[in-house]
Amino acid sequence: MNPFRYERALDVDHAVQAASQGGRFIAGGTNLLDLMKENVERPRRLVDISRLNLDRIEPLSDGGLRIGALARNADLAGHPQVLRQYPLLSSALMAGASPQLRNMATTGGNLMQRTRCYYFYDTATPCNKRSPGSGCGAVGGCTRIHAILGASEHCIAVHPSDMCVAMAALGATINVAGPQGRRTIPFEEFHRLPGDAPQYDNTLGEGELITGVDLPAEGFAGHYSYLKIRDRLSYAFALVSVAAALRLEDDGRIAEARVALGGVAHKPWRLPDAERMLAGETPGSRVFARFADALLEGATGQGDNEFKIELACRAIVRALEQAANGTPQSQVDKRIA
Ligand code: SF4
């Protein structure tokens, strides 16, 4: 690990100022410290934001919920209002990592976590994300965990978060403080596709700090499911995950649908136009399969991961059936019903 300067931020303005001068934020440290130990990241200055007053989870006047950037994943998953109003988010959080990691990891850090591409972590191989312009070791390499949607010739990595897939489906908004003041970023505009600049995971500017995440009032608590398919049920990142949320009319037809995918792209994958196809339909496997085809349009395998296309198709249908039936995937018994 390289030497670095450590300082503790006193308030948000201090944190932003320090980051504007080349500092990197650290809170739970569950991703950044690993990256530093592996020499993947070599920050010269760490700005510890863990003592900032950003850990509250509180209701908004419009019926939504504000989640502080430093709220721990475990606290968020078990928060009474999250369990009641946003069980999809709680379920996704419980599908991720281990209890120890969830006790340390923060909401902001989860948004910022970096890909688990093997080659990104292996400094003996080229990686455009780690070292722009060096090439991509994954292209033509071992691609079991890589993207089937939205990839570029420069990077085929996927975003690893479970929490973010649920937040994408719920239509969250990210609150940010920066050198130019405060702003909000719609969730779908926060993470980015790799294009020709895969070193950038998101659209944050220099020195900008995530202060929190707002959820809208509609939490789809009646009909939801977070289905995560992984190599080891005990603990692994998603090969494919699906956050499915439905609002049903009294006659059982679909009023509104939200579906986001994890493990398939450089960001949680959602297509609102495809979701609108489901409005007015009666829930059923044929309708859901048609939707899956639309959501996966353009999906392309990279060799080892071609199985993900069919896997994603089946997982979308299963998650939507679970949501429609009001029988969400259990994260305690991880077997798929
Ligand atoms: Fe790096 Fe992206 Fe290629 Fe992985 S897929 S080696 S992260 S450029």
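Residues numbered from 1 in each chain as written. Predicted model: local features only at pLDDT ≥ 70, side-chain atom pairs only at ≥ 80, totals over all residues. Heavy atoms only, no water.

(A) Expanded view of the sheet that holds strand 2 (residues 24-26). A sheet is described by the order of its strands in space; here three strands give the open sequence 1-3-2, paired in parallel fashion. Each edge of the open sheet carries a strand with a single partner, namely strand 1 (5-8) and strand 2. The sheet shows a mean angle of 30 degrees between the axes of neighbouring strands, taken without regard to direction. For strand 2 and strand 3 (residues 45-48), the ladder comprises three bridges, and the chain directions are parallel. Across the sheet, phenylalanine 25 pairs through a bridge with valine 47, a residue of strand 3. Contacts from helix 1 (residues 12-20) reach strand 1, strand 2 and strand 3, with the element oriented near 170 degrees to strand 3. (Pairing = 2+ DSSP bridges. Helix = DSSP H or I, 4+ residues; strand = E, 2+ residues; numbered from the N terminus. Axes fitted to C-alpha atoms, helices over the stretch in contact; angles between N-to-C directions. Contact = heavy atoms within 4.5 Å.)

(B) Focus on the layout of surface pockets. The computed volume of the second largest pocket comes to approximately 230 Å³. What lines the second largest pocket is a set of 13 residues, and nearest its centre among them are Leu54, Glu58, Arg66, Thr211 and Gly212. Going through the elements one at a time, strand 5 (65-68), strand 6 (173-178) and strand 8 (209-215) are the ones with two or more residues in the lining of the second largest pocket. Considering each element in turn, the lining of the second largest pocket owes the most residues, three residues, to strand 6. Taken together, the residues of the lining of the second largest pocket sort by class into three nonpolar, five polar and five charged. (1 Å grid on protein atoms, 1.4 Å probe; cavity = no way out; pocket = protein on both sides within 12 Å on 5 of 7 lines; lining within 4 Å. Points joined across faces, edges and corners; volume = space filled by probe spheres on them. Nonpolar A, V, L, I, M, F, W, Y, C, P; charged D, E, K, R; others polar.)

(C) Looking closely at the sheet that holds strand 6. Spatially, 4-5-8-6-7 is the arrangement adopted by the five strands of the open sheet, whose pairing is antiparallel. Here the strands that pair on one side only, and so sit at the sheet edges, are strand 4 (57-59) and strand 7 (181-186). Recorded for the sheet is a direction-independent mean angle of 25 degrees between the axes of neighbouring strands. Strand direction decides the pairing type here: strand 5 and strand 8, joined by four bridges, are antiparallel. Counterpart to arginine 66 in the pairing with strand 8 is aspartate 214. Set on the sheet, helix 1 makes contact with strand 6, strand 7 and strand 8; between it and strand 8 the angle comes to about 125 degrees.

(D) The arrangement of the environment of valine 176 in detail. Structurally, the position occupied by valine 176 is in strand 6. For valine 176, a relative accessible area of 1% puts it in the buried group. It is 29 Å that separates the C-alpha atoms of valine 176 and glutamate 256, two residues lying 80 residues apart in sequence. (Buried < 20%, exposed > 50% of the residue type's maximum accessible area, 1.4 Å probe, protein only.)

(E) Quick look at empty space enclosed by the protein. In the structure shown here, the tally under the stated rule is three cavities of 30 Å³ or more. In this structure, the largest cavity occupies an estimated 90 Å³ of space. Along the walls of the largest cavity sit 18 residues, with Cys117, Cys127, Asn128, Cys136 and Cys155 positioned nearest its centre. Taken together, the residues of the lining of the largest cavity sort by class into 11 nonpolar, six polar and one charged. Space inside the second largest cavity adds up to approximately 60 Å³. Gln113, Arg114, Thr115, Lys129, Val158, His159, Pro160, Asp201 and His266 are the residues that line the second largest cavity. Of the residues assigned to the lining of the second largest cavity, the class counts are two nonpolar, four polar and three charged.

(F) Fine view of helix 11 (residues 285-295). All buried positions along helix 11 are accounted for by Val287, Phe288, Phe291, Ala292, Ala294 and Leu295. Burial along helix 11 is one-sided: seen end-on, the buried residues are contained in an arc of 160 degrees. Helix 11 presents Arg286 and Asp293 as exposed residues on the side facing more than 90 degrees away from its buried surface. Next to the buried residues of helix 11 lie strand 10 (240-248), strand 11 (254-262), helix 10 (272-276) and helix 12 (307-325). (Arc of directions from axis to C-beta.)

(G) Layout of the site of the ligand. Taken together, 14 residues lie near the ligand, and Cys117, Cys127, Cys136, Cys155 and Ile156 sit nearest. The cavity that encloses the ligand is the largest cavity. Residues of the shell around the ligand, tallied by class, amount to 10 nonpolar, three polar and one charged. (Near = heavy atom within 4 Å. Sits in = over half its atoms within 2 Å of the grid points.)

(H) Fine view of the domain arrangement of the protein. Entries for the protein in the domain assignment read domain 1 (5-50) and domain 2 (224-325). Summarising the inter-unit geometry, the C-alpha centres of domain 1 and domain 2 are found 36 Å apart. (Domains from an automatic or database assignment.)

(I) Structural detail: the pairing of strand 10. In terms of burial, strand 10 is a largely internal element, seven of the nine residues being buried. Pairing between strand 9 (residues 224-229) and strand 10: six bridges, direction antiparallel. Within strand 10, the position partnered with tyrosine 224 by the bridge is alanine 245. Bridge count between strand 10 and strand 11: eight bridges; the pairing is antiparallel. Across the sheet, residue valine 242 finds its bridge partner in strand 11, namely leucine 261. Adjacent in sequence and paired antiparallel, strand 10 and strand 11 are bridged by five residues, among which glycine 252 carries a positive phi angle near 95 degrees.

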